[in-house]
Number of protein chains: 2
Amino acid sequence: MKLQKIILASTATVLMISAGLAIAQFQKPEDAIKYRQSVLTVMGNSFGKISAVVKGEAPYNKDEVAKNAAIVAMMSTLPWQAFGPGTEGGKAQPDIWSDNAKFKAASEKMQLAAVDLNKAAQSGDLESIKKAFAATGASCKNCHDDFKKK
Amino acid sequence: MKLQKIILASTATVLMISAGLAIAQFQKPEDAIKYRQSVLTVMGNSFGKISAVVKGEAPYNKDEVAKNAAIVAMMSTLPWQAFGPGTEGGKAQPDIWSDNAKFKAASEKMQLAAVDLNKAAQSGDLESIKKAFAATGASCKNCHDDFKKK
């Protein structure tokens, strides 16, 4: 077997295993779609509450913002497992699967921004929170522009 | 004004303020329903992963179970804000609003069970995890039996 064929066969095996895991975790593609949308709904709610504080529409309460930032950080790690092979659909653009490296890079940028936002929120420094909030919001928008259906 | 009337008026005011807050947080009742269902979907996914370990269907990995228990504990605190006045619907039984004290007691029992499960999961003692998992599952079932539509 030529090296190229071995690599192709190994890649196919890895993809099959990944697809198998995706199927094992979510019995149907709809379950994966429901899960990732649920995670993003929970994240969006907490992000929206921090947004109201940053925009001056709600008073700053350190504990509240810290809790919501912890939720955002935790949620930011979860939806990606539900974008496995065979889970196309919902509001997801096909580019998630056809240009997966770009999607993965965008998802990692968002997770790092959420970690920073959580650190700022736990510190209680509102100016740091505002900066980290803006960076996190930009990472959400960046990914939505490329990978979420309008 | 008689005392009884004052109490009734105060209660009405409190209920109106609560309703106002519920409306302020969720622009429409559908938003509250979507949020609470999303929280419970995220919680159910992580609880299901712990369930697979407890039932011996998946290998025990301390970090994985600890992360999922932390998600369950965090999620367990969130849906209740989305069961405010005027948010009837979805899979929620009307008894949530007509017998709210019972619903609140059931929700608090579940949150305490989830805290115990999280503690057990962080400790890494599988026998404690199994016990706390059973108690948490019972608290879920207890509340669903009374307050979730079949």
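Q: In this structure, what is going on with the interface of chain B and chain A? I would like to understand it.
A: One frequent convention defines the size of an interface as the accessible area lost when the parts assemble. Contact with chain B, which involves 18 residues of that partner, is made by 18 residues of chain A. Of the roughly 1,500 Å² buried at the junction of chain B and chain A (both faces included), carbon and sulfur atoms supply 66%. At the boundary of chain B with chain A, the tally comes to four residue pairs in polar contact (both at pLDDT 80 or more). Those elements that place two or more of their residues in the side of chain B that touches chain A are α2 (29–54) and α3 (62–76) of chain B. If you tally residues by element for the side of chain B that touches chain A, the top one is α2 of chain B, at eight residues. Classifying every residue of the side of chain B that touches chain A gives nine nonpolar, six polar and three charged.

Q: Is there a simple way to think about the nonpolar core in this case?
A: Soluble, globular proteins show a tendency: their nonpolar side chains are buried together. Counting 62 residues, the largest nonpolar core has I50 and M75 of chain A together with I50 and M75 of chain B as the members making the most contacts within it. In contact with I50 of chain B, not counting residues within four places along its chain, are V65, N68, A69, V72, L117, I129 and F133 of chain B. Core analysis: the next-biggest nonpolar cluster, separate from the first, contains eight residues, F83, W97, C143 and F147 of chain A among them.

Q: Would you mind going over the side chain of T87 of chain B with me for this structure?
A: All names here are of chain B. The residue T87 is located in the loop between α3 and α4 (95–98) in this model. A distance of 3.4 Å separates the side chain of T87 from the backbone oxygen of A82, its partner in a polar contact. At 2.6 Å, the side chain of T87 forms a polar contact with the backbone oxygen of G84. Not counting chain neighbours up to four residues away, the residues in contact with T87 comprise P29, A32, I33, R36, A82 and W97.

Q: I keep staring at the side chain of S38 of chain B and nothing clicks. Help me out?
A: One can find S38 of chain B in helix α2. Ignoring sequence-local partners within four residues, the contact set of S38 of chain B consists of S38, T41 and V42 of chain A.

Q: Sorry, what's going on with the state of the cysteines here?
A: Disulfide: a covalent bond formed between the sulfur atoms of two cysteine residues. All names here are of chain B. Summed over all chains, the structure comprises zero disulfides over all chains. C143 carries a free sulfur, and the closest cysteine sulfur to it, the one in C140, is 8.5 Å from it. Judged by its relative accessible area of 10%, C143 is buried.

Conventions and cut-offs
Residues numbered from 1 in each chain as written. Chains lettered and ligands numbered in written order. Predicted model: local features only at pLDDT ≥ 70, side-chain atom pairs only at ≥ 80, totals over all residues. Heavy atoms only, no water. Contact = heavy atoms within 4.5 Å. Buried area = accessible area lost by both parts, 1.4 Å probe. Polar contact = N/O pair within 3.5 Å; in protein donor to acceptor, adjacent residues only side chain to side chain. Helix = DSSP H or I, 4+ residues; strand = E, 2+ residues; numbered from the N terminus. Nonpolar A, V, L, I, M, F, W, Y, C, P; charged D, E, K, R; others polar. Core = buried A, V, L, I, M, F, W, Y, C linked by side-chain atoms within 4.5 Å. Buried < 20%, exposed > 50% of the residue type's maximum accessible area, 1.4 Å probe, protein only. Disulfide = S-S within 2.5 Å.

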